[in-house]
Each structure stands twice: as structure tokens, then as C-alpha cells.
Amino acid sequence: MAQLDKAAKIKNFSGDFIAQIKKPDRDIRVSIPVKMDDGSLKIFEGYRVEHNNALGPYKGGIRYHADTEINEVKALAFWMTLKCAVAGIPMGGGKGGITVDPKQLSKGELERLSRGWVSKLSDILGPHKDVPAPDVNTTPEIMSWMVDEFEKISGDKTGATFTGKPLEKGGSQGRGEATGLGGFYVFNSLRKQLGLPEKCTVVIQGFGNVGGNAAHIFTKHGHKVIAVSDSRSAILNKDGLDLKKVEAHKKSTGGLKDFPGAQNITNEKLLELPCDLLVPAAFENVITDRNADKIKAKAILELANGPVTEEADDILFKRGIPIVPDILANSGGVTVSCFEWEQNLKNEHWTEEEVLNKLLPMMNDAAQSIFKKARENKTYLRMGAFILALERIQAKM
Ligand code: NAD
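In this text, all values refer to a predicted model and were calculated from it rather than measured experimentally.

Caption draft 1: Inspection of the pattern of salt bridges at higher detail. Evaluated as defined, the whole model comprises 27 salt bridges. Here Arg382 and Asp313 are joined by a salt bridge, their closest N and O atoms 2.6 Å apart. Remark: Asp313 occurs in helix H10 (residues 310–318) and Arg382 occurs in helix H14 (residues 381–396); sequence separation between them is 69 residues. Between Lys373 and Glu376 there is a salt bridge, with the nearest N and O atoms lying 4.0 Å from each other. With a gap of three residues between them, Lys373 and Glu376 both fall in helix H13 (residues 352–376), about one helical turn apart. On the basis of relative accessible area, Lys373 is assigned to the buried category, the value being 14%.

Here you go:
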């Protein structure tokens, strides 16, 4: 909300419009009873926030995490509205979640919980109403259970109500790496304008879907990924990490720690490493007023949602460290989700080449439009992105 107020002041948006966009259209909490494997019944709390549908059906992922609660989901839904507007896709903003540590559940329990979320919310979902997708700890397999449950309840056979599905269940080619790849396209488009060298040293926080894919994509294009982390540990090799070996190590030991080709460091230290590009790809609020002074990267590419707090934004701006904001940098994921929705509705299946060929110009266009918007308004990229998104939403509303 503080970010929004700042953008509203720069461009003098109408108070009525800002008041409307501050509130989600609706936020829903549901109780999901799940029969556990030991025969007991456990009640989980689930959420769906529908923020704004001026540009199209509500769209946004579902997060499974022990700390997930309604305010987090509201913030994420708000960013989705802006992100879809920035990406130029016909979608509005929404987000969902369940307060749960999925690692504590068996596969059967996880499936019953996921189906339970759909059955409690099926009335508000649909290809032209609200289209969820994966987020942290939710996978293509979970989407396949959800789409199946939705079909049973509603009879809808398009499969277009959930994106991020496995390929054989109507998923799109390219969806898995779309967020990381879109981020790379944005970086590539802005690299010179950000004053970054042709070949960069890259530090990535998070080694999941987004961070792991990003690490491979940057390496493939000749950049050097020197450090990565997961929830438990971080590793550094100034000469560059061998990602295939890192993955094999994580698979065999369950974590990154003690990878033979690198030194162990802490997650805090990882964020403060000298490098050309820092890529937070794990969680929100990791760069704050406590560590913003210690960041030594030349630029930040926000692949996670909300990794830099508002106070840290100001500190980094004063220090001349540009930030490519989340609603631009990670919008490749929702863009390919939108392609999946479109393919399902038209009963088509596009090749990976077709998908990536459509993604590239959209990311380039979004990146350059935001750079221009920031320049015109003498502000930084996040505000440029907010202003562009708000103008598009206001025009439609
Ligand atoms: P994921 O669950 O696949 O991966 C998250 C990664 O972060 C894991 O490697 C985990 O170990 C690590 N992690 C967790 N806590 C950490 C901590 N305290 N410090 C360092 N690492 C930590 O999730 P994901 O889909 O890769 O999402 C990551 C971020 O990207 C989230 O902010 C999500 O909202 C955002 N995002 C995801 C997508 C998508 O397509 N998946 C799209 C847009 C934005």
C-alpha cells in the first residue's frame, strides 16, 4: 500500500480510483476438513483473494506454507493485478493459499487437502471467473488434482480453470521455466540501460522452480552463477557453480550444504556478496532496512514476489543500485499461464518454440515500456511499473 501511495502521488491518480484499487473485490477464508492417514480429522485454513478483474478473470497462484495467512495472500493478489497489467495480458489479479507445511503431509493427505480447497471454492472459480495456478510449494501434480476435482463438481471440461498443469493434463510447453526465462529476457532487455557488463556474475537466493531454472538459464547464456541457497543453507564458488553437480548433491543429501565444489555460507551472507546481479527468488521481505546498506550487487532482479521492503527500496535507490521490480521481472510465469488458458479454451497445443517466441516480445515490450515510464516520471523502475499498470487498469475501469 505504501508503494501504491508513492506511485499515486507521482502521477496524481484520482483518489476514488486509488481507494478502489486498495481493496480486494473479495477475500474468502474457508475451513477444509481432511481425513488424515491415522483416521483423525484435521481442519486446515484456506484462502482465495480476488483483488481486481477490470482487465480479465482473476488470476494468481495458490501458496502452501506454514506462515501463509490472509494478509500475505491479499498483498500477493494486489501485486497480481498490477503484474497482469504490466505484462499486457487479459487477466486480473487474485491469489490463494493454505496454512500448511506440506512436508508434514503424506501424498494422500496432500491430495485430499488440495481437492478440499477446490470443493470449498468451486462456486467462485471458472475459466472466465477466477483461474488459479501454482505458487510456493504447489506443483503441476497438485494442479492436476485440482482441475480434476473442479471438472467433477462443475462439469467444465476445458481444463482452463487451472494453469501450471502437467503437459498431459493440458499444461503448456514452457510453463516450468517461464518465470525464470521471462526474468532473463527482462534482464537482457535492460542490461545495458542498467550499466551491467556483457557477462555477469550472478547470485541467486532460492533454488526452487524459479531460482533453479533461472540459474540454468543465466549459465546457458554465458553468465556465471557463483552462489545459490535454499531454506537451510547457501553455497559459494567464485569461479562459478557446476549446477548439474549441485542438483545431484541436493538430491542425494536433501540440501545444498557441504557441496564439494563450494564453500558453505549463510543465507544472510549470500545476499551481501559482491556480484553484478543479485536475484532473490525465494520469499518476500528478505532485503530490508537492516541489510540494504550491506548489499554489494550492482543491480537486483526480483524474481520472488516482494523481496525488497519499501524502506530498503529507498536506501538502495539512494545508493544507486537499480531494482528490476517483481511485477515486471517475474511476469513471464503468468504470461505463459495465460497462454495455457488460451490454448485450453481454443483446444490447441502450441509447440515450445511458439510459446517462447510469443513470450520474448512481450517481455521486451514490458521492460522497455517501464524503463520509459520511469524516465518520463523521473522515478525508479518499480514506480514506472506501478504507474504503467495503474494507467492501464484505470482506463479499463
Ligand atoms: P519453490 O517452492 O519452488 O522454491 C522456493 C525456494 O526458496 C526453495 O529452494 C526453498 O528452499 C527456498 N527458500 C525457502 N525459504 C528460504 C529462505 N529463508 N532463504 C533462502 N531460500 C529459501 O517456489 P517458487 O515457485 O520457485 O517461488 C519462489 C518465489 O517466486 C516466490 O516468491 C513466488 O511467489 C515467486 N514466483 C513464482 C512464480 C512461479 O512461476 N513459480 C511466478 C512468479 C513469482
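That shown, we press on.
Caption draft 2: Spotlight on the packing of helix H6 (residues 175–190) against helix H7 (residues 209–220). In the contact formed by H6 and H7, the axes pass within 8 Å of each other and the chain directions differ by 50°. Taken together, the axes of H6 and H7 are oblique relative to one another. The two elements H6 and H7 cross, and the hand of that crossing is right-handed. Judged by residue contacts, Gly176, Glu177, Thr179, Gly180, Leu181, Phe184 and Phe187 of H6 engage Asn209, Val210, Asn213, Ala214, Ile217 and Phe218 from H7. When the residues that make up the contact of H6 with H7 are grouped by side-chain class, the tally is seven nonpolar, five polar and one charged.

Caption draft 3: Molecular detail of the side chain of Glu72. Relative to the assigned elements, Glu72 resides in helix H3 (residues 70–87). Among the polar contacts made by the side chain of Glu72, one reaches the side chain of Thr68 at a distance of 3.1 Å. With residues up to four places along the chain from it excluded, the contact list for Glu72 reads Arg63, Asp67 and Glu284.

What counts, and at which threshold
- Each chain has its residues counted from 1, running along the sequence as written.
- For a predicted model such as this one, the threshold for reporting local features is a pLDDT of at least 70, and the threshold for listing and counting side-chain atom pairs is 80 or more; totals across whole chains, interfaces and linings nevertheless cover every residue.
- Calculation of side-chain values draws on the structure's entire complement of heavy atoms; hydrogens and water are dropped beforehand.
- Whenever Lys or Arg places a side-chain nitrogen within 4 Å of a carboxyl oxygen from Asp or Glu, that contact is recorded as a salt bridge.
- Strands here are runs of E lasting at least two residues and helices are runs of H or I lasting at least four, both read from the DSSP assignment and numbered beginning at the N terminus.
- Type-normalised accessible area, obtained with a 1.4 Å probe on protein chains alone, sets the label of each residue: buried when under 20%, exposed when over 50%, and partly exposed for intermediate values.
- Think of each axis as a best-fit line through the C-alpha atoms, taken over the contacting stretch in the case of a helix, with angles from 0 to 180 degrees between the N-to-C directions.
- Under this scheme an angle from 65 to 115 degrees is roughly perpendicular, one under 35 degrees roughly parallel, and one over 145 degrees roughly antiparallel; angles in between are oblique.
- A clockwise turn of the near helix away from the far one marks a right-handed crossing, whereas an anticlockwise turn of less than a right angle marks a left-handed crossing.
- Contacts: residue pairs with any heavy atoms within 4.5 Å of one another.
- Residues are sorted three ways: Asp, Glu, Lys and Arg are charged, Ala, Val, Leu, Ile, Met, Phe, Trp, Tyr, Cys and Pro are nonpolar, and all the rest, Gly among them, are polar.
- As used in this structure description, the phrase polar contact means that two N or O atoms lie within 3.5 Å; if the pair is within protein, one of them must be able to donate a hydrogen and the other to accept it, and residues adjacent in sequence are counted only when both atoms belong to side chains.

Nothing here speaks to function; it is geometry throughout.
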